[in-house]
Structure formats: C-alpha cells, structure tokens
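# Coordinates in review
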Amino acid sequence: MQNVATEPRGEELSLAERAYRAIRDRLVMLEIRPGAPINEDQLGQSLGVGRTPVREALKRLQYERLITTYPRRGTFATEVNITDLAHISEVRLELEPLAAAQAARRATATDRASLTALRRELESVRPRGREARELMHLDLQVHRAIYAATHNPYLEDTLVRHDNLATRIWCLFVDRLSDMAGHVEEHGPLVEAIVAGDADQSAQLARSHVEGFERAIREAI
C-alpha cells in the first residue's frame, strides 16, 4: 500500500505510531471496509509489529471515530454515515480557511518546498490520467502538508481527523463522482496562494474547496 502520510517515517517513529498511521490510512481509504471486524493479530502480522503497538494504535483510532468497540462482540471499522457529512463540513468550513491562512503566514522554506513539489504533482493529474485511489492519496498528501504548515499541532490534529472522515465518505461515493480529477486539481491555486504568502486568498480558496466537496458528494448521492 502506498503511504500517504507526510510526517516523518522510519526509525524516527515509535512502533505504536507507525502502526497507528498505517491502520489509520487503511481505514480512511476503505481498504478496511466499513463494518469489518478488526483482528489485532492479523494487523500486527501485516505490519510486522507486536500486539501492544496495535492495541495502542486502536485506542487512538477509536477516539478518532474510525473504529468502534462493542461489549462481547469485538472491534469493528465504523460505518460511513452520509448524515455525518453536514457535521464534518460545518467544522471544516470554519477551520480549513483558518489553516490555509495560517499556513500562508507561517510556512517555512521547507514547507514551501514540499508544497511546491505537490503543486507539480497536481499539474500532472489530468495528463497522466491517474486512478481514483492515486488521486485520493494525493488529495490527502496536500491537505496534510497544508495542516502541517500551520505549525499549530492542535489545529493540525483536528483537521487531519475531520479530513480523514470526509475522505471515507468520498471513497464510498467515488464511483459516482463525475470530475474527481477536477476536485483534486482545485488544490493547485490554493497551494500557490499559500506558497506566495497570500493569507486572504488562501482562506477564500480553502472555503470554496470545502463547499465544492460537499456539493459534489450530495449530487452523487
């Protein structure tokens, strides 16, 4: 599976953190299907880690509403409920513009270099005719890079969680979306505004992007 996390990798991360990020992205991309049982041993074997890191990861994922535990039944991937879209969008409409503006103000040279590299990736979306899964990986990378550039860990954590939940809804309806590449390409002008340090334009584009996402999902239902 392609890794979509933008955070440090390898030996810099604890086993629990590596397990958390790997399981999280499988849940977000619906590689672990909604409602599917979570088997700790199988996850540990597939990730090459023991049961303890997996259990620590699952505790965090339950808090993030990606898994749920039922007494005497076990642990399962949460169902994707379209009625959650309005609640998720309500949060994102307030916080995505804030994050984009703060990223424009606070991005370091390293942040801007990462965003510029992603901008080049966005330019190749349509000519290369990318598959839906690859587009969603790129979408997650762009969002996570913007959140990281805010240098506000509380804002970043909150938005990563809500973007993860929104992406699960997107994955559920991906076959019905008419212009998925166009939705991903919309990030280009947003990334350019952030790299240029234009906070007002960044906030405006981020808000329009969230509004367009919710509208596209509702039209696909």
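Residues numbered from 1 in each chain as written. Predicted model: local features only at pLDDT ≥ 70, side-chain atom pairs only at ≥ 80, totals over all residues. Heavy atoms only, no water.

What follows covers the packing of helix H9 (residues 187–196) against helix H10 (residues 199–220). Viewed as axis vectors pointing N to C, H9 and H10 meet at an angle of 155 degrees, and their least axial separation amounts to 8 Å. The angle between H9 and H10 places the two elements in the roughly antiparallel class. Handedness of the H9/H10 crossing: left-handed. Judged by residue contacts, His187, Pro189, Leu190, Ala193 and Ile194 of H9 engage Gln201, Ser202, Leu205, Ala206 and His209 from H10. (Axes fitted to C-alpha atoms, helices over the stretch in contact; angles between N-to-C directions. Helix = DSSP H or I, 4+ residues; strand = E, 2+ residues; numbered from the N terminus. Parallel < 35°, antiparallel > 145°, perpendicular 65-115°, else oblique. Left-handed = near helix turned anticlockwise from the far one by under 90°. Contact = heavy atoms within 4.5 Å.)

One pass over the full model with this rule turns up twelve salt bridges. Linking aspartate 163 and arginine 92 is a salt bridge whose minimum nitrogen-to-oxygen distance equals 3.6 Å. Taken together, the residues aspartate 163 in helix H7 (residues 153–173) and arginine 92 in helix H4 (residues 84–106) connect sequence positions 71 residues apart. Through salt bridges that share partners, Glu17, Arg21 and Arg60 make up one connected network. (Salt bridge = Lys/Arg side-chain N within 4 Å of Asp/Glu carboxyl O.)

Using the criterion set out here, one finds two aromatic pairs in the structure. The aromatic ring of tyrosine 20 is capped on one face by arginine 60, whose charged end is 3.6 Å from the ring centroid. Directly above the ring of tyrosine 70 sits arginine 73, whose terminal nitrogen or CZ lies 4.6 Å from the centroid. (Phe/Tyr/Trp six-rings, centres within 6.5 Å; stacked < 30°, edge-to-face > 60°. Lys NZ or Arg CZ within 6 Å of the ring centre and 35° of its normal.)

Turning our attention to the nonpolar core. Counting 54 residues, the largest nonpolar core has Ile23, Leu27, Ile38, Leu58, Leu61, Trp170 and Ile217 as the members making the most contacts within it. At eight residues, the largest contribution of residues to this core is made by helix H6 (residues 132–149). Not counting the four nearest positions on each side in its chain, tryptophan 170 is found in contact with Met136, Asp139, Leu177, Met180, His183, Val184, Phe213 and Ile217. Counting residues in hydrophobic clusters, the runner-up holds five residues, among them Ala99, Leu155, Leu159 and Val160. (Core = buried A, V, L, I, M, F, W, Y, C linked by side-chain atoms within 4.5 Å. Buried < 20%, exposed > 50% of the residue type's maximum accessible area, 1.4 Å probe, protein only.)

So, on to the packing of helix H1 (residues 15–28) against helix H2 (residues 40–47). Here H1 crosses H2 at 110 degrees, and the two axes come no closer than 11 Å. The angle between H1 and H2 falls in the class roughly perpendicular. For the pair H1 and H2, contact is made by Ala19, Ala22, Ile23 and Arg26 and by Leu43, Ser46 and Leu47, respectively. Of the residues contributing to the contact of H1 with H2, the split by class is five nonpolar, one polar and one charged. (Nonpolar A, V, L, I, M, F, W, Y, C, P; charged D, E, K, R; others polar.)

The next thing to look at is the environment of glycine 74. Examined against the element boundaries, glycine 74 turns out to sit in strand S2 (residues 74–77). With a relative accessible area of 26%, glycine 74 lands in the partly exposed category. Spatially, the C-alpha atom of glycine 74 lies 16 Å from that of arginine 60, the residues being 14 residues apart in sequence. Excluding anything up to four places from it in sequence, glycine 74 contacts Thr68 and Thr69.

For isoleucine 221, the location among the structural elements is in the segment after H10. Along the backbone, isoleucine 221 and alanine 113 are 108 residues apart, and their C-alpha atoms lie at a distance of 38 Å. Apart from the residues lying within four places of it in its own chain, the contact partners of isoleucine 221 are Ile82, Phe173 and Arg176.

Another aspect to go through is the confidence of the model for the chain. Overall, the prediction assigns the chain a mean pLDDT of 90, with 91% of residues at 70 or greater. Confidence, read as mean pLDDT per element, is least for helix H8 (residues 180–185) in the chain (79) and greatest for H4 (97). (pLDDT = per-residue confidence, 0-100.)

As paired elements, strand S1 (residues 67–70) and S2 share four bridges and run antiparallel to each other. Paired with isoleucine 67 across the bridge in S2 is alanine 77. (Pairing = 2+ DSSP bridges.)

Within the sequence span of H9, burial applies to His187, Gly188, Leu190, Val191, Ala193 and Ile194. Buried positions along H9 lie against H4, helix H5 (109–123), H6, H8 and H10. A positive backbone phi angle near 80 degrees is found at glycine 197, which sits one or two residues after H9.

This part covers H5. The terminal C-alpha atoms of H5, which comprises 15 residues, lie 21 Å apart, in line with the 21 Å expected from a rise of 1.5 Å per residue. Buried residues along H5 sit against H4, H6, H8 and H9. (Expected span 1.5 Å × (residues − 1).)

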